[in-house]
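Close look at the chain arrangement
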Amino acid sequence: MTAEDSTPIRRTGARQVRPATEGWTQKLGTDGRPLLNFASPKRGKPPVHLADLAPADWKAKAEEIGIPAFRLKQVARHYYTRWTSDPAEMTDLPAEGREELVAGLLPPLLTEVRRLETDKGDTIKFLWKLHDGALVESVLMRYPGRITLCVSSQAGCGMNCPFCATGQQGLTRNMSAAEIVDQVVQANRAIARGELGGKKHDDHSEERVSNIVFMGMGEPLANYNRLMRAVRTMVAKTPEGLGMSARGITVSTVGLVPAIKKLTEEDIPVTFALSLHAPDDHLRDELIPVNSRWKVDEALDAARAYFDKTGRRVSIEYALIKDMNDHAWRADLLAAKLNERGHGWVHVNPIPLNPTPGSIWTSSEVPVQLEFVRRLEEAGIPTTIRDTRGKEIDGACGQLVTTEDDEEAAALV
Ligand code: SF4
């Protein structure tokens, strides 16, 4: 008997709202299953950039454009360590042909449309326009001892989660590896210019992005190959990449099980986060439509296998939505399902849902949040309510969505 069968769940009498009862209608595909968009619509590809290339391909690229390989390395050093794409700053390159060389290797990918700041300047949300006009966002946050960037991996998202602002937009397209990496380079550039506030006098940590969370727009594992190219560049030693630690990079997913298995087989021990949001298929089928393909148990088994292979503790993300998924019995069921798979392999992050404009769902009340956490902890599951930094600027998870205002501003740049 599984934990779900044995739990006296639906007899608690607690109020239960569901997406359907709250006016949400699940769009269905021609096969009668919830509509999910795994394939990126065909649009003009962004220009090829140095950050799209594996270092193994650099030699061939240098030959193709007729430069010695060390010149390419020089350009890479400027981009990955000084975070510049400006030929005027690359005085170690011959003046003749420098502009063309740099334009060919580092074509502009992200144009800043606007930025919003909050938390006294130590959180910045960037709105970027891509070469084809698609809009994406990233959020830069300073914490004591670290600087985290929440990056986007797709313009929009095809996973159609009813509570998520990005999901309601649909999938515009996959981002290229370089478009993903360039969010980090641009953030480092802003930090280097002193544009991120909040630096404490006694904080001697390095002034650059130290942690990355793939929790901006998009389902990262639906853009697997480009995601992995970007991650490899992030962890590659300079000047072949950004020289970041894999541990500081969190890849999250709503549960694309075959892709989780692929990630498990990679040799990069990134931190893995599963956005579960419900421990029972009954609710999760509605809350996370991808559950129609891979059920809670399959996703948890894949997460446990990730831990077994990498030794990296898995995070379970759980948005707490009032009367939807925040019941005490669900905390018990979640704990039981996690403990069924062993101890010490997982950490739960409940996240009070951020109210989004026009959303019918709200965050759980504080006593309910605390009871949820208490039950998990009592069952021996390490649990931390996650900081919802950036709430004031719609920069928290599930809130990255472009608005009409953004479109108008983008038209002007
Ligand atoms: S919650 Fe994540 S996977 Fe679901 S629609 Fe939003 S961005 Fe996509």
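Residues numbered from 1 in each chain as written. Predicted model: local features only at pLDDT ≥ 70, side-chain atom pairs only at ≥ 80, totals over all residues.

Focus on the overall build of the protein chain
When you go through the protein chain residue by residue, the secondary structure sums to 12 helices and 11 strands. For the protein chain, the residues scored as buried account for 44% of the 413 residues in total. The contacts of the protein chain with a sequence gap of at least 6 include a subset with a gap of at least 24, amounting to 70%. (Helix = DSSP H or I, 4+ residues; strand = E, 2+ residues; numbered from the N terminus. Buried ≥ 20, exposed ≤ 12 C-beta atoms within 10 Å, placed from the backbone. Contact = placed C-beta atoms within 7 Å.)

Considering the sheet that holds strand β4 (residues 146-150)
With mixed pairing, the 9 strands of this open sheet are ordered in space as β1-β2-β3-β4-β7-β8-β9-β10-β11. Only two strands of the sheet have a single partner each, and these edge strands are β1 (111-118) and β11 (346-352). Shown here is a sheet whose adjacent strand axes are inclined to one another by a mean of 20°, direction ignored. Both strand β2 (residues 123-129) and strand β3 (residues 135-143) contribute to a ladder of 7 bridges, which runs antiparallel. By the bridge assignment for β3, Lys129 is matched with Leu135. (Pairing = 2+ DSSP bridges. Axes fitted to C-alpha atoms, helices over the stretch in contact; angles between N-to-C directions.)

Side note on the UniProt feature "active site" (unreviewed entry) in the protein chain
UniProt marks Glu137 and Cys397 with the feature "active site" (unreviewed entry), using the numbering shown here. Inspection of the secondary structure puts Glu137 in strand β3. Glu137 gets classed as buried once you count the C-beta atoms within 10 Å, which come to 28. (UniProt positions renumbered as here; feature names shortened; annotations may be inferred.)

Details of the site of the ligand
As a structural note, the neighbourhood of the ligand is formed by 11 residues, with Cys157, Met159, Cys161, Cys164 and Gly167 the closest of them. Of the residues in the shell around the ligand, the class split is 5 nonpolar, 5 polar and 1 charged. (Near = placed C-beta within 6 Å. Nonpolar A, V, L, I, M, F, W, Y, C, P; charged D, E, K, R; others polar.)

Notes on the nonpolar core
By size, the foremost hydrophobic cluster in this structure holds 107 residues, and its most contacted members are Val75, Val181, Val184, Ile212, Met234 and Ala303. It is helix α5 (residues 177-192) that contributes the most residues to this core, 8 residues altogether. When residues of this core are assigned to domains, at least three fall in each of domain 1 (3-8 + 21-46 + 109-411) and domain 2 (50-105). In contact with Ala303, not counting residues within four places along its chain, are Ile260, Phe272, Leu274 and Val314. (Core = buried A, V, L, I, M, F, W, Y, C linked by C-beta atoms within 7 Å. Domains from an automatic or database assignment.)

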